[in-house]
Amino acid sequence: MVLDLGREDPETWAQEASRQHIDGGSKAESCHAFAEDLLWYWGTAVRQRAVCAALLAPPNGAVLASYTVRELKAPPEALHMDVLRAEAAVSEGPFFGRPALIEVELPLGPALRVHRFEPMAPDTDTSGILEGVAHYVLPRDHRTLLECRLLWTTLGLGEELGRIADELANSVRLV
């Protein structure tokens, strides 16, 4: 489900999207809860200035994962793979364990694939762990840095969702 980040009335959009996603026989509470989730993810993507965002949510189901693509501001000297790798290797997070760092080649350009675990809400007492794969992409034809990031809370789906993150990163194009 693609999030309409340019929407001026996100509440109406979320309610309509929820009614389409949750089958008519489901309880009104389910529609309301899903609409609230949509608004939360929408607001997060807008605050992060995402270029685009989407949610993975099976029909009549809850959100399994969120995907965002955003441009990161970086000085020109940081737009090199060795700099990205060095920064990712020493990043303090709040992360659990060491992230898995792999250099990959995407149609858009070289990228650093980072797989890591982090607290769901690091500034609160809320427990929970997020797993995620981010691709930090250096597009060949543009002097910028893109972050293509898939996050999820269902830890048993890591391998499958990691493959989906790779497929999504391979599909990103700049126009």
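Structure first, text after, so check above.
Report follows, based on the coordinates. (Residues numbered from 1 in each chain as written. Predicted model: local features only at pLDDT ≥ 70, side-chain atom pairs only at ≥ 80, totals over all residues. Heavy atoms only, no water.)

1. Details of the pattern of salt bridges
Then comes step 1: On inspection of all chains with the given rule, the structure shows nine salt bridges.
Then comes step 2: The salt bridge involving R7 is made with D4; its shortest N-O contact spans 3.1 Å.
Then comes step 3: With a relative accessible area of 31%, D4 lands in the partly exposed category.
Then comes step 4: The partner of R113 in a salt bridge is D166, and the shortest N-O contact between them spans 2.7 Å. (Salt bridge = Lys/Arg side-chain N within 4 Å of Asp/Glu carboxyl O. Buried < 20%, exposed > 50% of the residue type's maximum accessible area, 1.4 Å probe, protein only.)

2. Considering the environment of L64
Then comes step 1: Within the secondary structure, L64 is located in the loop between strand 1 (50-56) and strand 2 (65-72).
Then comes step 2: The class for L64 is partly exposed, based on a relative accessible area of 27%.
Then comes step 3: In the structure, L64 is positioned 17 residues away from R47 in sequence and 21 Å away in space, judged by C-alpha atoms.
Then comes step 4: Setting aside its immediate chain neighbours within four residues, L64 contacts L56, A57, P58, L151, W152, T153, T154 and L157. (Helix = DSSP H or I, 4+ residues; strand = E, 2+ residues; numbered from the N terminus. Contact = heavy atoms within 4.5 Å.)

3. Focus on helix 1 (residues 10-21)
For an α-helix, 3.6 residues make a turn, and residues three or four places apart therefore share a direction.
Then comes step 1: With twelve residues, helix 1 should cover 16 Å at 1.5 Å per step; its first-to-last C-alpha distance of 16 Å lies within 8% of that length.
Then comes step 2: Within helix 1, burial applies to P10, W13, A14, A17, S18 and H21. Considered in projection along helix 1, the buried side chains sweep an arc of 130° and stay on one side of the axis.
Then comes step 3: The inward-facing, buried residues of helix 1 contact helix 2 (28-47). (Expected span 1.5 Å × (residues − 1). Arc of directions from axis to C-beta.)

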